[in-house]
Amino acid sequence: MRRKLLVGNWKMNKLVSEAKEFALASRDLAKKAKENNIDLGVCPTYLSLQTVKENASKDMIVGAQNVHFKESGAFTGEISIPMLKELGIDWSLVGHSERRTYDNETDEKCNLKIKALLQNQMVPLYCVGETLNEFEAGQTKEVVGRQVRVGLKELAAEDVKDIVIAYEPVWSIGTGKNASTEIAQDICKFIRDVLREMFGDVADGIRVLYGGSVKPENVKAYLSCPDVDGALVGGASLKIDSYEALLNNIL
Ligand code: PEP
């Protein structure tokens, strides 16, 4: 039985003071989620990670939005896994489409990050998804299949059992253009099929999320799909009321 998972991606939003306010206000929500067998998380900016970790409920997953695969060294502007672990952060997004688009995050680079996270007992939340052009050209499965295969190459079944994959069609992120529930189910199931091909039955325990313009009004429909185990939410996770409504609508 896969536990439902709702993760907010705050992107480059919120001052540290605003992140603290959210963390404090979210305490009861994390408790409510736990009582209902749902995992709840947020991915603040690096600057707010410590504050959110210290002020949110211990049941709240607090993840980074990115990480470097090397432990230390001459990588100006980067943050390493030991730095996150020192703060008690044990999740990180990898391969978000905005990083793929603006920061040259390739499938190969994602693979290095995923391997480094897993070697350090951290959970990668690996984002995959096709662009509008690729969608319109009917290439979704080709693109997503490649992203999963390359991102998770040279890993064994026991390594990947706790990873989370998010299917986020690039054309639906922040655009208000949702993928239909049929598309979300079809591609999340396809991802699970690729995982099964690569890792066997472990695939049945790996959580696959949908992301892309998820709102309180549509979250339940996505989570009612058999292969959609949760949602990665940008815009609608920023305000505590909306974040609470997302949770309430899937209880
Ligand atoms: C995201 O940032 O991963 C995302 C899905 O954003 P939004 O919910 O705003 O489309």
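To be clear, the structure that these remarks concern was listed above.
Q: Honestly, the sheet that holds strand 7 (residues 207–211) in this entry has me stumped. Any pointers?
A: Taken together, the eight strands give a closed barrel; going around it, the order is 1-2-3-4-5-6-7-8, and neighbouring strands pair in parallel fashion. On average, each strand axis in the sheet is tilted by 25° relative to the strand beside it, whichever way the strands run. Here six bridges tie strand 1 (residues 4–9) to strand 2 (residues 38–43), and the two strands are oriented parallel to one another. Across the sheet, the residue bridging to V7 is G41, located in strand 2. Across the sheet, helix 3 (residues 46–55) touches strand 2 and strand 3 (60–64), and the angle it forms with strand 3 is around 160°.

Q: Could you clarify how one ought to interpret helix 3 in this entry?
A: Residues lying three or four places apart along an α-helix face the same way, a consequence of the helix completing one turn every 3.6 residues. Every buried residue of helix 3 is listed here: S48, L49, T51, V52 and N55. Contact partners of the buried residues in helix 3: helix 1 (16–25), helix 2 (27–35), strand 2, strand 3 and helix 4 (81–86).

Q: What exactly am I supposed to notice about empty space enclosed by the protein here?
A: By rolling a water-sized probe across the atoms, one finds the places where empty space is left. Here the structure, examined in full by the defined rule, presents one cavity of 30 Å³ or more. Estimates place the volume of the largest cavity at around 40 Å³. Elements supplying a minimum of two residues to the lining of the largest cavity: helix 5 (97–102) and strand 5 (123–128). Taken together, the residues of the lining of the largest cavity break down into four nonpolar, three polar and two charged.

Q: Got a minute to help me understand the site of the ligand in this structure?
A: K11, E168, G174, S213 and G234 are the nearest of the 14 residues found near the ligand. In this structure, an oxygen atom belonging to the ligand sits 3.1 Å away from a side-chain N or O atom of N9. Contact between the ligand and E168: an oxygen atom at 2.7 Å from a side-chain N or O atom of the residue. For the ligand, whose unbound accessible area comes to 300 Å², protein coverage reaches 97%. Of the residues that constitute the shell around the ligand, the class distribution is three nonpolar, nine polar and two charged.

Q: For this particular structure, what's the right way to read unusual backbone geometry?
A: In most cases, non-glycine residues show a negative phi, while peptide bonds are predominantly trans. Even without being glycine, N37 reaches a positive phi, approximately 60°. Examined against the element boundaries, N37 turns out to sit in the loop between helix 2 and strand 2.

Q: Could you clarify how one ought to interpret the pairing of strand 7 in this entry?
A: Side-chain direction in a regular strand flips from residue to residue, so the side chains alternate between the two faces of the sheet. Across the five residues of strand 7, five count as buried, placing the element largely inside the fold. What you see with strand 7 is no split at all: R207, L209 and G211 on one side and V208 and Y210 on the other are buried throughout. Sheet analysis places strand 6 (residues 164–167) next to strand 7, joined by four bridges and oriented parallel. Its bridge partner being in strand 7, A166 is matched across the sheet by L209. In this view, the connection linking strand 6 to its parallel neighbour strand 7 by way of helix 10 (residues 181–199) has right-handed handedness.

Rules used in this analysis
Residues numbered from 1 in each chain as written. Predicted model: local features only at pLDDT ≥ 70, side-chain atom pairs only at ≥ 80, totals over all residues. Heavy atoms only, no water. Pairing = 2+ DSSP bridges. Helix = DSSP H or I, 4+ residues; strand = E, 2+ residues; numbered from the N terminus. Axes fitted to C-alpha atoms, helices over the stretch in contact; angles between N-to-C directions. Contact = heavy atoms within 4.5 Å. Buried < 20%, exposed > 50% of the residue type's maximum accessible area, 1.4 Å probe, protein only. 1 Å grid on protein atoms, 1.4 Å probe; cavity = no way out; pocket = protein on both sides within 12 Å on 5 of 7 lines; lining within 4 Å. Points joined across faces, edges and corners; volume = space filled by probe spheres on them. Nonpolar A, V, L, I, M, F, W, Y, C, P; charged D, E, K, R; others polar. Near = heavy atom within 4 Å. Polar contact = N/O pair within 3.5 Å; in protein donor to acceptor, adjacent residues only side chain to side chain. Areas by Shrake-Rupley, 256 points an atom, 1.4 Å probe, with all protein chains shown as cover. Right-handed = clockwise from strand over helix to strand, strands pointing away.

Any link to function would need more than the numbers given here.
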